[in-house]
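# Residue-level structure breakdown
Okay, here's what each chain looks like letter by letter:
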Amino acid sequence: DAMYMGIPIFLYVPDLKAYEVERGRLLWNLEDLPFPYALSEEMLYREICDFDDNVYLDKINKFTQMLGLKQPGDSSRLVVDFIESKLRSS
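In this report, the structure presented in the accompanying data block is examined. Sequence order as written defines residue numbering, which begins from 1 separately in each chain. Two thresholds apply to this predicted model, a pLDDT of at least 70 for residue-level local features and 80 or more for giving and counting side-chain atom pairs, whereas whole-chain, interface and lining totals are computed over all residues. Hydrogens and waters are ignored; side-chain quantities use all the structure's heavy atoms.

### Here's the deal with the overall build of the protein chain
How we decide: Strands here mean DSSP runs of E at least two residues long; helices mean DSSP runs of H or I at least four residues long; both are numbered from the N terminus. Here the globule rule reads 2.2 Å times residues to the power 0.38, and the radius of gyration is calculated from C-alpha atoms. Each residue's exposure class comes from its accessible area (1.4 Å probe, protein chains only) as a fraction of the maximum for that residue type: buried when under 20%, exposed when over 50%, partly exposed otherwise. Contacts between residues were defined by any pair of non-hydrogen atoms, one from each residue, lying within 4.5 Å. In this tally Asp and Glu are treated as negative and Lys and Arg as positive; neither His nor the chain ends contributes. By convention, the charge on Lys lies at NZ, on Arg at CZ, on Asp at CG and on Glu at CD.
Across its full length, the protein chain holds 4 helices and 2 strands. The C-alpha radius of gyration of the protein chain comes to 18 Å, more than 25% above the 12 Å expected for a compact globule of 90 residues. The principal-axis extents of the C-alpha atoms in the protein chain amount to approximately 55 × 35 × 20 Å. Of all 90 residues assigned to the protein chain, the portion counted as buried reaches 16%. Partitioning the contacts of the protein chain with sequence separation of at least 6, the portion at a separation of at least 24 is 66%. With 10 positive and 16 negative side-chain charges, the protein chain shows a spacing of 9 Å between the two charge centroids.

### Side note on a nonpolar patch on the surface
Heads up, the condition is: Residues forming no salt bridge and having over 30% relative accessible area are the ones grouped into patches, like charges within 9 Å of each other and nonpolar side chains (Val, Leu, Ile, Met, Phe, Trp, Tyr) within 5 Å. Computed with the Shrake-Rupley method and a 1.4 Å probe, the accessible areas treat only the protein chains shown as cover for residues. Salt bridge, as used here, is a side-chain nitrogen of Lys or Arg placed within 4 Å of a carboxyl oxygen of Asp or Glu.
Residues Tyr4, Met5, Ile7, Met66, Leu67 and Leu69 make up a contiguous nonpolar surface patch of about 610 Å² in total accessible area. Following the sequence through the fold, Tyr4 ends up in the segment before strand 1 (11–12).

Just distances and angles here, no functional claims.
Okay, here's the thing in C-alpha cells:
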C-alpha cells in the first residue's frame, strides 16, 4: 500500500547475513527492489539523508511496470462488481 501511495519505504536489514545463513537466501535480490536498504544504522541514516523523491517514484513506476502491476484506484468497486455478477449468475 505504501508503495502505491508513493510513501517512501526504507528496508533496514542489519541481520541479512545471519538470516541467509540460518534460513537461506531471500526469494529476491534487494538490489532489484526499488526501495533503499541499509545493513546498518549509519547506512540507513545516509539513505534517508540522500533520499530523492523523484528518483524513488521513477524506480517505483519502472518496478510496477516490469511486474505488470496495476492499481487503478477502484479495486474495491471492481471486487464488489465481480462478486455481485457471480451472485446474479448462480
